[in-house]
Amino acid sequence: MTTLSKRTTRAASEVAKTKAATNLPSIRKRKSIENEQEEEDEHNTSMNDDNDLDSDIDEEDESKFEKEFTIKKRQKKSPAKNQQQQQPQKSITTPTKPTTTSKSTKPTVPSPSQQKQSSQSSQTASKKQQSSSQQQPTPQKKKENKIKYNLKPINVERLATYDQHMSGTLTNEKIIKRLKKLDEYLQDKKRGDTEGLEIVLEVLIDQKFADNKIFEIRLMTSCCLSEIFRIYAPTLPFDMVVLKVVFKLFTEQVLQGDKVDKKLFPQYFQMLERLAVIKVFALLALVDSSMLTPFFKDCLSRVHGDKEHQPMDIMFSTLLNTILESLEEVPTSLWNELLESLIEREKGGVPTAKAIFTHDLIETNSRFLQVHFDLFLQDLLEPEIIGAGQQQQDSSLSNNGVSKQLKKKKNEILFEMFNILPEFIYPALQNLEFDLEDVNPSIRKGAAIVLSRCYSTESASDELIAQRPTLYTTFLNRFHDVDIKIRTVMMEFSEHFTTTSEMELERVLKSVRDRFRDSEPDIRIKAIQIFQKFITKNPEVMNPELMSEYLERVRDKDSKVRKDAEISLSTVWRSIRERYGPIDDWSNTLIDCFSSIPNTLIHCLGLYDDDKYRIEIAFDSILLPQHSDVKNRSQVFLEIYKYLDEANKQLFKKYLEEKKSLRQEFLALIQFLKNPKVGNTTTPTSKKPQQQQPQQQQPQQLQQPENDIEVYITHVDNLLPKFIGESSKKLVRQLITPQNKKILDLLVLISDINTTFQEQYNIKISIISKAQNESSFSEFIKYMVNKLAYSIVGKENIKYLLRRLRSDLGLDNFDKNSPIDLLEEFNEKIYEKEVKDGVPETLEALLMLSQVYPNIFDDYGDQLVGFLTCSKSIVYPVLQILSNSSQTLKLSKKTLKSTLDMLLRLAQVPQPTLARLAFKTFIKFATPALTSVNPTTGKVDNNRLVVTLKDLADNLFDQLEEKSKNLLSILEVIGCLAKGYSLVLSEHLDTLDILLIKKIMTGPCTLDFNQKVQLNKSEHHLTSYSKDVLIKIAGIKCMSNYLLGLREITKKSHEMVNMLFEFYTALDKNKTYNDLEKSHLKIHIAIGLLRVFQRSQYEKEITPEQFILICNSTSITTKQRGDPLIRRLIEKLAKVMKLNRLPMKYMAAFGMAAQQPYSVLALVRKHSTSIIKTRRMVISRLAASLSMAKNLTEFYPESSMPYFLYVVSHREDFERDAPDYIESACYLNFFIDLLVEEADNYSIIHTIFTKLKRSTDKLDKKSKNHIIAAELGLQILTHQYQQKKWKPQKHPIVIVLPEKFYIIHDEQDEMSIDDDVASIKLPSLLPKRFKLPPLPSITDQNNNNNKNNNSNSNNNEDESDKDENNNNDKKNDNNDEDDNSTVTAPPKSISKPPAKKVSKKAAAKQKSPKKKTNKKKKQSSSEEEVSSSEEEDESEEVEN
């Protein structure tokens, strides 16, 4: 082994010893707490012999040190002086931390967390030193570690004259050589063997060597002096004057590490090692305190922190630790240097190597430095007072010596010291509490930052809270600070806050919850993110109160907040489900908190257009599993659908219908692009033949050709929202350009129902990757790809939904390869049996899908018809599914024949509702199956269908002759046959007339029927009537269908219509029926007459008295709350008017519903507004092309006002309503509100009232009631719109009063505006002191409508634009700057994706989702709605 390698080996081995030797006194000091005397003996023993010192440092002590090392707290007063007084003047002990005297305060026992922290830091330092030592060769024996220079040993005799030996004109090489011999000699001397070294001491301190310009000479001198200190220990070899010279040399050599040549490094390292072991630098403060701070500064500046310089960094750490342990007090200048190094950061905020080194240095001596830092902290926190001339002396220091830069960064210092030892900052807590309430925002922010970091420390947060609870409360109050930056700091704190106390966690959560209503969107977004994080980690902590505001954020007025809330809620729901399984397995607490999340998200579909596609993305990508796992997607979809309330199910259905409409119009455009010459005469927006009749009457020039591409582009554009920067129509044109052919092809592919979920997902990724920029076209493409896709649920799900339905019903033995004979499988007992748990949610979901996407069932016909043999509660929705999907359903021949036979059988079951649906479904399947077209003549051959229907009719009438008790279903099916296929009843017309007129409608009916007429418990109204009433209701329905389906209308037909009116009026005098039965019979007659009046031959013959009866039907009230029959009447009236099958005068019936409950009024307002808007839109398009405006007079909505006024004035209670006319004013106010929107409408209505005052009642020429009503209407019109400041103006309408109702006295057909104004001055028939009764303002009426329209939230977009105000009152946060962040009005434009304007009412209607309603109630409302819609659909059958 060479000399260099030996020296390197020795240097490396000394590294491990250095750490143990350095900390050995601390270990023994810890033992001294248990036995002070034992520690003193052990301490003295360690001072006597260097070999003993080395032997003490074994592996056992090192491991023990690593496990247990904790430096005890050093008191303010150190007993070092007492110890020095007991020693000789020139003797010292090995420098250690001074032990506390018995009079001083006992050291505080560190907490477990502090012990753990200190232990971890010590272990880390130990591991670093071990790793550095392991990199060097392991020494074999201690004696071999001494440095050998390969020189002749020094002649010991020369030591007596060593001064002469080193004097004279010696070359530098000889001086170095002799110093090396001396160093080698001194290394071999034992401690205490000072004989013959007196002259050597004098030589070594000579300036010739200590201040020599040659570095190697100074280095070897330092090495020899370090050995001298070892030999003379525990006494000092020099006096204080000489010691200053020696320490000047030592400090200079220590700091020359970077300049040491590699050849000299072993000697240099030996010197450092020896100085560290004997702790020579413990005397630095005693020798020259002025050297202390500069030495620390120089050492810290030479720290590198990398592996290459690791040994030197460890030596620096050892030397500085030695100095700190020896200090009786730490000077302010030293604190300045240490703390400046501690907070030093690189550009990215990462601590520098110097800062890390300082952190470890303070942490190692934390218990000793705590008392000293308390004193420095007082100066640091003391406000600076600048005196005269202060800045000129030292502008960098404050009055008390603390660096001004440190004062500015005191909060950073407090946090760093807290990380080292929490007790460091306890004296500053009171100051921090004052700073939190300072008027200066920057001071409050600084205090909030440091405390937020401290409270976020996992190991010490609980202890800090307990140390000063008032500080923690004051800190939490900063959540409500007026400064947004401070609130942002608090939100960041809450994100990282951890505690073992659930109470403290809940306090923070409540503070975060309050920020959901912060005025700043970024704060609200942060609150959403924090809540998500807390819930994901601790779902058990949540409760419904905390969740309420979290759920409310989906209605925030800011689009970005809503987006984050939607994604966050979806993520939370998914994490809860993955953690706890299906919803049914959740605890009650979890259900109360999280089961409403899907309800809340679906509820957003009724708010903003841009939310709709985001909700779909969240639903499709987060709530549901991955796209390849269709089975689990189906299962999760059913779970979610099960917990949706009825209103949200309707919203979800409506959204799917919107997607369907856009998809149809888009595909129609694509079809035209492929074959533009043919033109599509049956576009998705084209109407049925009956619906096109009004349009066919218009001039030809108004109709655009169907092969015009602009028509198809317009159809697509009508279903798109607004996009910022570009019109949606322009974006559609850009899409169909050749440059975007690939994107267009992908959109066509994703619109295909057979595209799988995984393929759809890949298409979305492909398209979105091409739309990365912020252009309007990119947003348009993203919108289209999500809107056209069959996301959430599609054709792939049907397989698993049907499988789940069979499992729910116990029908798992289905075999699709062996079709069953349905009639053989049909069992009446099974059919009549009620399902225990009601209709399965799976079947309800399938029914909804069939109404929106009927074509997704095309491959599952054989499976669907198999459910027709189940209970009637199951058969009815299955029939609805079959009816909806009849055009696309694929059935094998055997299955089709079996299905038709089964449907005919079901058309004769006792339940009339199911029988009617079975017959309608039979017609849909039998028409294409039993008819054929002659290829040569093109004629339709339907003989087989006619024969089948005749057989059915014969069978039904045979049952009547046999007095079958299946009377109600027979009448229902006969009515369907009479309406659509009256020819098959030609042989039975006389029998039918006798049955309806004489046996049913005339007097009490003696016929009987089966009591099992209820389809399920939802049809409770069938059992609340008497038998006679039930039969008469069935007879009224059958008669109306019979009259509607007649090919030739005769006098007898009109007599039957009059008979219905006579029966209506006779009900008031009937004493057999109760009030409910009378009211419902009237409503059923009104519904039947509205059906009949679709034939204009009947409607033209109506008398004024009969018209009054029809309109008054909507004013009928019953004791049943929310009577579904009233709603059914309004729905029927609205439908026939939308299809233009009744004249505009029947709008008067809507006005007569003014006394109905608010829920009914909301329905009336919705339909009437839709009808009025449609009429006015048509008028605006057609008026310019017509030569005479008189042709449109009866088409204007205002033309219904004379009829309405006539109905109001002929109420039985009109005269009794005098002199206040409260009820009459209520009717007039409601109807005027429906009609008047602008100044033009106001003028028209004003003219009508004025002209009515000059007319005479044709029914009762002496009556002045209509004039009184007109005067009342004028006063209401003036009073309610006085804020508008409208005045009567000229208008293009020719006011023509109906001749059947009024006698006109004016010879002129048209009145000038001057005549209108003069007519107001005619003598009034109202009382002289008449005052209008208190009427709700237009705003109040709209608000009341909003309150009760939540259940109809899916119809928000049809509401009047007047309904802009709402009663969406919100609790304001106690913070002055917090705004109402909940949605009150939607923005006019959006960015991603843009959306059309949504009415404020649509936003106001949306509230937090309700809990799941009872299944029976849901089933009842659902089936009543279906029944109502089917009743209305009857008018759409082909008329004879």
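Cut-off values and rules
- Residues numbered from 1 in each chain as written.
- Predicted model: local features only at pLDDT ≥ 70, side-chain atom pairs only at ≥ 80, totals over all residues.
- Heavy atoms only, no water.
- Helix = DSSP H or I, 4+ residues; strand = E, 2+ residues; numbered from the N terminus.
- Buried < 20%, exposed > 50% of the residue type's maximum accessible area, 1.4 Å probe, protein only.
- Areas by Shrake-Rupley, 256 points an atom, 1.4 Å probe, with all protein chains shown as cover.
- Salt bridge = Lys/Arg side-chain N within 4 Å of Asp/Glu carboxyl O.
- Expected span 1.5 Å × (residues − 1).
- Contact = heavy atoms within 4.5 Å.
- Polar contact = N/O pair within 3.5 Å; in protein donor to acceptor, adjacent residues only side chain to side chain.
- Core = buried A, V, L, I, M, F, W, Y, C linked by side-chain atoms within 4.5 Å.
- Phe/Tyr/Trp six-rings, centres within 6.5 Å; stacked < 30°, edge-to-face > 60°.
- Lys NZ or Arg CZ within 6 Å of the ring centre and 35° of its normal.
- pLDDT = per-residue confidence, 0-100.
- Axes fitted to C-alpha atoms, helices over the stretch in contact; angles between N-to-C directions.
- Parallel < 35°, antiparallel > 145°, perpendicular 65-115°, else oblique.
- Left-handed = near helix turned anticlockwise from the far one by under 90°.
- Nonpolar A, V, L, I, M, F, W, Y, C, P; charged D, E, K, R; others polar.
- Patch = residues over 30% accessible without salt bridge, like charges linked within 9 Å, V, L, I, M, F, W, Y side chains within 5 Å.
- Lys, Arg positive; Asp, Glu negative; His and termini not counted.
- Charge placed at Lys NZ, Arg CZ, Asp CG, Glu CD.

## A word on the overall build of the chain
Per the secondary structure count, the chain includes 70 helices and four strands. Each of the 1440 residues in the chain was classed as buried or not, and the buried ones make up 55%. Of the accessible surface of the chain, which amounts to about 65400 Å², a share of 49% is contributed by carbon and sulfur atoms.

## Some words on the pattern of salt bridges
Two side chains bearing opposite charge may form a pair once their charged atoms approach each other closely. Inspection of every chain in the model, using the stated rule, returns 60 salt bridges. The salt bridge partner of aspartate 1008 is lysine 965, with a shortest N-O separation of 4.0 Å. Here aspartate 1008, found in the loop between helix 53 (989–1001) and helix 54 (1021–1024), pairs with lysine 965, found in the loop between helix 51 (943–961) and helix 52 (967–980); they are 43 residues apart in sequence, far enough to count as distant. One network of salt bridges, with partners in common, ties together Arg517, Arg524, Glu549, Arg553 and Asp556.

## Regarding helix 31 (residues 559–580)
For helix 31, with 22 residues, the first-to-last C-alpha span of 32 Å sits near the 32 Å given by 1.5 Å per residue. Restricting attention to buried positions, one finds in helix 31 the residues Val561, Arg562, Ala565, Glu566, Ser568, Leu569, Ser570, Val572, Trp573, Ser575, Ile576 and Arg577. Of the surrounding elements, those touching the buried residues of helix 31 are helix 29 (521–537), helix 30 (544–552), helix 32 (588–594), helix 33 (597–603), helix 34 (609–623) and helix 35 (630–642). Looking at where helix 31 begins, the residue whose side-chain oxygen comes 3.0 Å from the main-chain nitrogen of lysine 560 is aspartate 558. Remark: glycine 581 follows helix 31 within two positions and exhibits a positive phi of approximately 85 degrees.

## Re the nonpolar core
Core analysis: the largest hydrophobic core is formed by 385 residues, its most contacted members being Phe594, Leu906 and Phe1093. For this core, the element with the highest residue contribution is helix 11 (residues 215–232), accounting for 11 residues. Those residues in contact with phenylalanine 1093 that sit more than four places away from it in its chain are Val1057, Phe1061, Tyr1098, Glu1099, Ile1102, Ile1110, Arg1141, Leu1142 and Tyr1146.

## Some details on the packing of aromatic side chains
Remark: the centre distance and the inter-plane angle together describe each pair of aromatic rings, the angle taken between the planes. Under the criterion given, the structure shown has 38 aromatic pairs. Between phenylalanine 1214 and tyrosine 1221, the ring centres sit 5.4 Å apart and the planes meet at 40 degrees, which makes this aromatic pair tilted. Seen from their ring centres, tyrosine 1242 and tyrosine 1281 are 6.3 Å apart, and the 70 degrees between their planes marks the pair as edge-to-face. Note that tyrosine 1242 is positioned in helix 65 (residues 1239–1252) and tyrosine 1281 in the loop between helix 66 (1265–1280) and strand 4 (1302–1304), a separation of 39 residues in sequence. The exposure class assigned to tyrosine 1281 is buried, which follows from its relative accessible area of 6%. Put simply, the rings of Phe229, Phe238, Phe247, Phe250, Phe281 and Phe295 pair up and form one aromatic cluster. The ring of tyrosine 608 has arginine 562 sitting right over it, with the charged end atom 3.8 Å from the ring centre. Taking NZ or CZ as reference, arginine 633 lies 4.8 Å from the ring centre of phenylalanine 757, over its face.

## Some words on helix 13 (residues 265–277)
End to end, helix 13 covers 18 Å across 13 residues, agreeing with the expected 18 Å (1.5 Å per residue, within 8%). Among the residues making up helix 13, those that are buried are Pro266, Gln267, Tyr268, Phe269, Gln270, Met271, Leu272, Glu273, Arg274, Leu275, Ala276 and Val277. The first or second residue beyond helix 13 is lysine 279, which carries a positive phi of 55 degrees.

## Section: the confidence of the model for the chain
Model confidence for the chain is summarised by a mean pLDDT of 76, while 75% of its residues fall at 70 or above. For residues 679–706, every residue scores under 50 in pLDDT, and the model assigns this stretch 35 contacts once sequence neighbours within four places are set aside. In this model, residues 1186–1190 is a region of pLDDT below 50 whose contacts with residues beyond four sequence positions or in other chains number four contacts.

## Re the environment of leucine 864
Looking at the element boundaries, leucine 864 is found in helix 47 (residues 861–865). By relative accessible area, leucine 864 is classed as buried at 1%. As a C-alpha pair, leucine 864 and leucine 882 span 18 residues in sequence and 7.5 Å in three-dimensional space. Residues within four places of leucine 864 in sequence aside, it is in contact with Leu802, Phe857, Val878, Ile881, Leu882 and Leu889.

## Concerning the packing of helix 28 (residues 502–514) against helix 30
Two numbers describe how helix 28 lies on helix 30: the axes approach to 10 Å, and their chain directions differ by 30 degrees. On the basis of their axis angle, the class for helix 28 and helix 30 is roughly parallel. Classified by chirality, the crossing of helix 30 by helix 28 is left-handed. Between helix 28 and helix 30, the contacting residues are Leu509, Lys510 and Arg513 on the first element and Glu545, Leu546 and Glu549 on the second. Of the residues belonging to the contact of helix 28 with helix 30, the class tally is two nonpolar, no polar and four charged.

## A word on the packing of helix 50 (residues 912–930) against helix 52
Relative orientation of the contacting elements helix 50 and helix 52 amounts to 30 degrees, with a least axis distance of 8 Å. When the axes of helix 50 and helix 52 are compared, the pair comes out roughly parallel. Both helix 50 and helix 52 take part in a crossing whose hand is right-handed. The segment helix 50 lies against helix 52, with Pro912, Ala915, Arg916 and Phe919 engaging Leu968, Ser969, Glu972, Val973, Cys976 and Leu977.

## Some thoughts on the side chain of aspartate 993
With respect to the secondary-structure elements, aspartate 993 resides in helix 53. Given the relative accessible area of 7%, aspartate 993 is considered buried. Aspartate 993 has contacts with Lys998, Tyr1042 and Lys1052, leaving out every residue within four places of it along the chain.

## Observations regarding a negative patch on the surface
On the surface, Asp163, Glu195, Glu198 and Glu202 cluster together into a negatively charged patch. Taking relative accessible area as the criterion, glutamate 195 reaches 65% and is therefore assigned exposed.

## Quick look at unusual backbone geometry
That bond from alanine 233 to proline 234 is cis: its omega, 10 degrees, falls within 30 degrees of zero. Checked against the element boundaries, proline 234 lands in the loop between helix 11 and helix 12 (240–254). Of the consecutive residues alanine 1218 and proline 1219, the connecting peptide bond is found in the cis state with omega at 5 degrees. Relative to the assigned elements, proline 1219 resides in the loop between helix 63 (1201–1209) and helix 64 (1222–1235). Although it is not a glycine, tyrosine 1221 adopts a positive phi angle of roughly 55 degrees.

## As for the environment of valine 203
Looking at the secondary structure, you find valine 203 in helix 9 (residues 198–204). It is 9.1 Å that separates the C-alpha atoms of valine 203 and serine 167, two residues lying 36 residues apart in sequence. Apart from residues lying up to four places away in sequence, valine 203 is in contact with Tyr162, Asp163, Met166 and Phe209.

## A word on the environment of serine 575
Secondary-structure assignment places serine 575 in helix 31. Taking the C-alpha atoms as reference points, serine 575 and glutamine 532, 43 residues apart in sequence, are found 10.0 Å from one another.

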